[in-house]
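These are the residues of each chain, in order.
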Amino acid sequence: MDDRIKTIEGDFSARGLRFGIVASRFNDFIVDRLLEAAIGTLTKHGVASADIEVVRVPGAYETPLAIKKLAASHRYQALIALGCVIRGATAHFDFVAGEASRGIAHVSLTEEIPVGFGILTVDTIEQAIERAGTKAGNKGVDAALAAIQMANVLRQLEQ
Ligand code: INI
């Protein structure tokens, strides 16, 4: 690309940044894999353990409120939401998944803080397993990398 064009993009250096993670307990056999991977990704990119705080909430439906409280504390450069909503397991899948994603997007925009979205919304347990460290990677890693990149993008946009 023409090097006279100014491009802002986040890199993956996260030393000195602080991250809050909200992880739901529902389907914790999946969510714990996402959480482990998200923390591993943050520390691999230089985040100190003392700069990571984890909040556990009952289900994905409760994540937006906890994300909002963390955002309002102004202690973090970015947040990460982790959860797992499985369609087969509930008739109210659409409400739980919809409200979780809508609520998190709302907090991110109104509080102006990046939120890595790592809430799996899948049809089956098999699909969840595939996205929690097996054949389709680990969405906890993806959410953590997005949070790091966006923290760095915002840092530049706010200069
Ligand atoms: N919460 C989830 O995180 N995943 C699900 O699959 C799920 N199902 O299947 O119902 C779920 N429900 C609980 C919901 O998030 C709330 O915790 C509950 O309704 C109490 O407010």
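So, here is what we can say about the structure in this document.

Rules behind the numbers
Residues numbered from 1 in each chain as written. Predicted model: local features only at pLDDT ≥ 70, side-chain atom pairs only at ≥ 80, totals over all residues. Heavy atoms only, no water. Salt bridge = Lys/Arg side-chain N within 4 Å of Asp/Glu carboxyl O. Helix = DSSP H or I, 4+ residues; strand = E, 2+ residues; numbered from the N terminus. Buried < 20%, exposed > 50% of the residue type's maximum accessible area, 1.4 Å probe, protein only. Patch = residues over 30% accessible without salt bridge, like charges linked within 9 Å, V, L, I, M, F, W, Y side chains within 5 Å. Areas by Shrake-Rupley, 256 points an atom, 1.4 Å probe, with all protein chains shown as cover.

### Some words on the pattern of salt bridges
Link 1 in the chain: What the rule picks out here adds up to eleven salt bridges.
Link 2 in the chain: Between Arg33 and Glu36 there is a salt bridge, and its shortest N-O distance comes to 3.1 Å. Within this pair, Arg33 and its partner Glu36 are both found in helix α1 (residues 28-44), separated by three residues, close to a single helical turn.
Link 3 in the chain: For Glu36, a relative accessible area of 53% puts it in the exposed group.
Link 4 in the chain: Of the charged contacts in the structure, one is a salt bridge between Lys139 and Asp142, with a shortest N-O distance of 3.4 Å.

### Some remarks on a nonpolar patch on the surface
Link 1 in the chain: Taken together, the side chains of Phe29, Ile125 and Ile129 present a nonpolar region at the surface, about 260 Å² in accessible area.
Link 2 in the chain: Summarising the element assignment, Ile129 is placed in helix α4 (residues 125-130).
Link 3 in the chain: Take Ile129: its relative accessible area is 39%, and that puts it in the partly exposed class.

Scope: geometric values only; no functional claims are made or implied.
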